[in-house]
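Report on the structure
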Amino acid sequence: MALIEHRDVDEVVRLAVEANQALGAAGQGDLVWGHVSVRDPRGRGFWMKASGLGFEEVVASRMLLLGLDGEVLEGTGSRHIEFPIHGEIFRMRPDVQCVVHTHSAAANALASLGVPLRALSHEGVLFTHPDVPRFLRTGGLVKTKELGVGLATTLGDARACLMPRHGLVAVGESVATGVMAAVLLDKACRVQLAAMAAGEPISWSDETEAASKRDEIWNPPLLESGWQYLRRKALAAGVAAESAAIETSPSELEWIEENSGRIRTSLPNGYCVRPPDEACPKPDDCLACSHFFTGGRFLPVHRQQARTIDLLIARAEAEGLPAVANSHRRRGDRLRALIRSLEEPTCAATTHPVGRNSGDGSHLPAGTHRSVGGTAARRTVDGQQASTPNGVSSSR
Ligand SMILES: [Zn+2]
């Protein structure tokens, strides 16, 4: 039983993280302000991110379990000061599993006009007839139990509530419906602002059409579809960010070029860092030369990158993104080829392929390059390889 409970908690924490990331992907963030909570399946309170993070930055380790009165029961980090928004709505609305509070600029702009919200587009029908409620007690922070109770009372049994001069609050009987309500109310406000900026709106859904469209357009399966799209969008954004981090970490060769200023030639097991104007001191014993730099300094980094790429491939496949998975797979293949070349022990190869130039036009030192194993890959004076079968080094 305990295991089942724990699994449920893990699932809720994962959903709470996804809710944050989806709100970020939907452009609902206000720097590090705004928050979403999910009710704890064991009745202890609700899960909410620690303060100081933007929606898209949230990971499971930054989630807090708060009691309904704000006491931190699990997790580390500071709680958001507006926790009473969540605690009091969860207390007053047993049907609610998810509470979203954002500082929607469009909601504030529309609320400032003092006009009813009109169903000018699909989104509006979710919040009209009757009009969306407005919490007028304060435009400041909802940081006390009293204000939290006031907000929950104003919300009543509605799906969302405007908070003039502050933002909005939206709720759902699931994470999907809570997040979608916040996103759709923001859009409904934007549509009306655009219309009012252009003129006086004269057409919107009446009560009958609004009720019909709620069933037709915003039934549970379609709300779920919208939520799943936001999840995929957030995932793609996260994958892109992780990919960018991998792409921008330097390769070993790049690092040596930047830091030594004299890298001349890349060899199968390392690099020749002989100064370009200096004659090769050991043309017959290249890999034993003091200028030979053994590869592998970045191997731990490369291996970690390869593991990260494997995770990205698995995640993209699980999410049904084959093009993204293939893109990662190609990069993973290149990286593993590099790792294999660096993992070969110095001088263990029986033959050596033509060294890759560093891009400055230099060539491998002329002469015979002998490996410890005693088999030579003979090179001619002009640097042409003479006896390397297939140009491929041996592997262990
Ligand atoms: Zn706020």
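Heads up: these notes are all about the structure in this document. (Residues numbered from 1 in each chain as written. Predicted model: local features only at pLDDT ≥ 70, side-chain atom pairs only at ≥ 80, totals over all residues.)

1. Focus on the overall build of the chain
Helix and strand counts for the chain stand at 10 helices and 13 strands. Scored against the burial criterion, the 396 residues of the chain give a buried share of 37%. Taking the contacts inside the chain whose residues are at least 6 apart along the sequence as the reference set, 64% of them involve residues at least 24 apart. (Helix = DSSP H or I, 4+ residues; strand = E, 2+ residues; numbered from the N terminus. Buried ≥ 20, exposed ≤ 12 C-beta atoms within 10 Å, placed from the backbone. Contact = placed C-beta atoms within 7 Å.)

2. Describing the pairing of strand S1 (residues 35-39)
Counted residue by residue, S1 has 5 buried out of 5 residues, so it is predominantly covered. Every second residue of S1 is oriented toward a common face, with His35, Ser37 and Arg39 on one face and Val36 and Val38 on the other, all of them buried. Relative to strand S5 (residues 98-102), S1 runs antiparallel, the two sharing 4 bridges. From the neighbouring strand, valine 38 faces S5, where its bridge partner is cysteine 98. In terms of strand pairing, S1 meets strand S2 (residues 46-49) through 3 bridges, oriented antiparallel. (Pairing = 2+ DSSP bridges.)

3. Focus on the sheet that holds strand S3 (residues 63-66)
Strands sit in the order S4-S3-S2-S1-S5-S7-S6 across an open sheet of 7 strands; the sheet is antiparallel. At either margin of the open sheet sits one strand with a lone partner, and together these are strand S4 (72-74) and strand S6 (160-163). Neighbouring strand axes in the sheet, compared pairwise and without regard to direction, differ in orientation by 25° on average. The sheet contacts of helix H2 (residues 83-92) involve S1, S2, S3, S5 and strand S7 (167-172), and relative to S5 the element is tilted by about 150°. (Axes fitted to C-alpha atoms, helices over the stretch in contact; angles between N-to-C directions.)

Interpretation note: all reported values are geometric properties and have no functional meaning in isolation.
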